[in-house]
Amino acid sequence: MEKKKGSKKQKKRKANKHLVENTYFKRVEQLAKIKQKQDDDKATARLHSLNAVSKNNDCAIPSSDKIERMKSLRSMNSSGKVKTLEVEEHIPVSYPEVVLCVEVYHNKRRWSKIQEFLVLGHQTLTELKDKIYCLTDQVMQKAGKHDPSGYFLIEDIFFNDLRDPSAIDYSGPIFDWLRNSRDDALKKWESIITGELQQKQRAILGNVTPSKLPNFKTVDMHKTRFCDLRFQLGAGYLYCHQGDCKHTMVIRDMRLIHPEDVNNRAAYPIIIFQLKPRVQKCHVCKISRATKVTVDDKWARENPCYFCDYCFSLLHSSDESPLYAQFSVYDYVHD
Ligand SMILES: [Zn+2]
Ligand SMILES: [Zn+2]
């Protein structure tokens, strides 16, 4: 009997032990899951913060890993970004090929870079021009006054875009000025090259060596490839379009193409940086994007004042007839 009792007790203990083990295992599994989730969350948080740092404040990381990151940026592999682009055509890049990194700056905020491209040595300058985004193009388009003309001034050559039959040779009046006002042109050139102060100092010292104007030339933009150009890396060149909308252009870097680059010629010039335009909200509802801007508008809170279409119509018209007309109104795209 006692034996039996003992075995019963043992069985009971064994069963208990089994039950406890099971609950422990379950508990451990749960904990492992929680831990895994925490690790994942931490990793994403770290990724976000790294991205934020690299976007906003590169100076904050002085360590060598910043340099590594800079290097990877410099290598300019935008293959990841480009995969999302929908390029239907596929033209294989012919080797050897050179990749140039070209920056274009804002026409008013001249220090602010608006776009950065990867362009191939065998591409023409017009291929780049067609990818440059400037608000002036849109404004002129809306006003029905779009002008297809334009030029790049690289070193001493004006590259004119004369593809369109209505295009104007913008460099013409500049050459006229150089011919007809040679003295003015020389003075201007002197002050650009040496700076006005230095020029005065040299005049006092009697050490004035007459400088020569560069021998400016003109070439068709669509007939020139980047590999035909003579240029200096990092020098500021000029892009001019729509009359006198001028942008600084810089060829920042240059290297041979490698297998990790996008090997589809049709995908180039690739935009690797695009400044996000600042867009005003409607100053009335403060929700919608502004589409109109009024100036000297007596019922508006501000001058100039931004409106969405709906708020503009509410304030300025009743049953589609205007309420008052003592203001100027313009279409608004972005700042
Ligand atoms: Zn422009
Ligand atoms: Zn509104």
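Residues numbered from 1 in each chain as written. Chains lettered and ligands numbered in written order. Predicted model: local features only at pLDDT ≥ 70, side-chain atom pairs only at ≥ 80, totals over all residues. Heavy atoms only, no water.

Here is the rule we go by: UniProt positions are given in the numbering used here, feature names are shortened, and annotations may be inferred rather than shown by experiment.
Looking at an unreviewed UniProt entry, one finds the protein chain named snRNA activating complex family protein, putative isoform 4, with Theobroma cacao as its source organism. We quote the UniProt Subcellular location (unreviewed entry) comment for the protein chain here in full: "Nucleus". The UniProt entry for the protein chain carries this comment under Sequence similarities (unreviewed entry): "Belongs to the SNAPC3/SRD2 family."

### What about the sheet that holds strand 10 (residues 305–307)?
The criterion, for reference: The pairing criterion for strands is at least two bridges between them, as found by DSSP. A run of H or I in DSSP becomes a helix once it reaches four residues, and a run of E becomes a strand once it reaches two; helices and strands are each numbered from the N terminus. Note on geometry: axes are lines fitted to C-alpha atoms, helical ones only across the stretch in contact, with angles between N-to-C directions running from 0 to 180 degrees. Contacts are assigned to residue pairs with any non-hydrogen atoms lying within 4.5 Å of each other.
Strand order in the open sheet made by the three strands is 10-9-13, with antiparallel pairing throughout. Of all the strands in the sheet, just strand 10 and strand 13 (328–331) have a single pairing partner and so form its edges. Averaged over all pairs of adjacent strands, the angle between strand axes in this sheet comes to 25 degrees, irrespective of strand direction. Here four bridges tie strand 9 (residues 292–295) to strand 13, and the two strands are oriented antiparallel to one another. Bridge pairing links threonine 294 to valine 329 in strand 13. Packed onto the sheet, helix 9 (residues 309–316) meets strand 9, strand 10 and strand 13 and runs at close to 110 degrees relative to strand 10.

### A few points about the coordination of the zinc ion (ligand 2)
Let me state the cut-off plainly: Distances define the donors: N, O and S atoms within 2.8 Å of the metal qualify, as do those within 3.2 Å of Na, K or Ca. Water is excluded, so some sites may look unfinished. All geometry calls rest on donor angles, where a four-donor set with angles between 85 and 135 degrees is tetrahedral, four- and six-donor sets with opposite donors more than 155 degrees apart and all others between 65 and 115 are square planar and octahedral, and all else is irregular. A simple rule labels every residue: compare its accessible area, found with a 1.4 Å probe on the protein chains alone, to the largest value its type can have, and call it buried under 20%, exposed over 50%, or partly exposed in between.
Coordination of the zinc ion (ligand 2) by the protein involves Cys282 (SG), Cys285 (SG), Cys308 (SG) and Cys311 (SG), with metal-donor separations of 2.3 to 2.4 Å. One way to put it: the four donor atoms around the zinc ion (ligand 2) meet at angles of 97 to 120 degrees, and that makes the site tetrahedral. Owing to a relative accessible area of 6%, cysteine 308 belongs among the buried residues under this scheme.

### Looking at the packing of aromatic side chains
The relative placement of two aromatic rings is captured by the distance of their centres and the angle of their planes. Rules: What counts as a ring pair is set by centres within 6.5 Å for rings of Phe, Tyr and Trp (its six-membered ring), and what kind of pair is set by the plane angle: stacked under 30 degrees, edge-to-face over 60, tilted for all other angles. Put simply, a charge is over a ring when the Lys NZ or the Arg CZ is close to the ring centre, within 6 Å, and near the line of the ring normal, within 35 degrees.
Tallied over the full model, the rule gives ten aromatic pairs. Seen from their ring centres, tyrosine 151 and tyrosine 170 are 6.4 Å apart, and the 85 degrees between their planes marks the pair as edge-to-face. Of the two residues, tyrosine 151 is situated in strand 3 (residues 150–154) and tyrosine 170 in the loop between strand 4 (157–160) and helix 6 (171–180); the sequence distance between them amounts to 19 residues. Classification of tyrosine 151 as buried rests on a relative accessible area of 5%. Measuring from ring centre to ring centre gives 5.8 Å for phenylalanine 158 and phenylalanine 216, while their planes differ by 55 degrees; the resulting arrangement is tilted. Highlighted residues: phenylalanine 158 in strand 4 and phenylalanine 216 in the loop between helix 8 (196–204) and strand 5 (217–220), separated in sequence by 58 residues. The burial state of phenylalanine 158 is the same as that of phenylalanine 216; both residues are buried. Between the NZ or CZ atom of lysine 113 and the centre of the ring of phenylalanine 273, over which it lies, the distance is 5.0 Å. We note lysine 298 situated over the ring of tyrosine 324; from NZ or CZ to the ring centre the distance is 5.6 Å.

### Some points on the pattern of salt bridges
The criterion, for reference: We define a salt bridge as a side-chain nitrogen of Lys or Arg found within 4 Å of a carboxyl oxygen belonging to Asp or Glu.
Taken as a whole, this structure holds 16 salt bridges when the rule is applied. The closest approach of N and O atoms between aspartate 130 and arginine 163, which form a salt bridge, is 2.8 Å. Of the two residues, aspartate 130 is situated in the loop between helix 4 (125–129) and helix 5 (135–142) and arginine 163 in the loop between strand 4 and helix 6; the sequence distance between them amounts to 33 residues.

### Concerning the coordination of the zinc ion (ligand 1)
Those protein atoms acting as donors to the zinc ion (ligand 1) are Cys134 (SG), His241 (NE2), Cys245 (SG) and His247 (NE2), and they sit at 2.0 to 2.2 Å. Mapping the donors of the zinc ion (ligand 1) onto the primary sequence gives the spacing C-x106-H-x3-C-x1-H. Here cysteine 134 is found in the loop between helix 4 and helix 5, whereas its partner cysteine 245 is found in strand 7 (residues 245–256), with 111 residues between them in sequence. Here cysteine 134 and cysteine 245 have matching classes, each one buried.

### Details of the layout of surface pockets
Which entries qualify depends on this criterion: A pocket here means an open set of points on a 1 Å grid, computed over the protein atoms alone, that has protein on both sides within 12 Å along at least five of seven lines. A cavity is instead a set of points where a 1.4 Å probe fits but cannot get out; residues with an atom within 4 Å of a point line either one. Grid points are joined across faces, edges and corners, and a volume is the space filled by probe spheres set on the points. Residues are sorted three ways: Asp, Glu, Lys and Arg are charged, Ala, Val, Leu, Ile, Met, Phe, Trp, Tyr, Cys and Pro are nonpolar, and all the rest, Gly among them, are polar.
Of the pockets and cavities examined, the second largest pocket occupies roughly 460 Å³. Surrounding the second largest pocket, 16 residues form its lining, Leu153, Trp189, Ile192, Pro214 and Phe216 being those nearest its centre. Among the elements of the structure, strand 3, helix 6 and helix 7 (182–194) are those that each provide at least two residues to the lining of the second largest pocket. Taken together, the residues that form the lining of the second largest pocket break down as 13 nonpolar, no polar and three charged.

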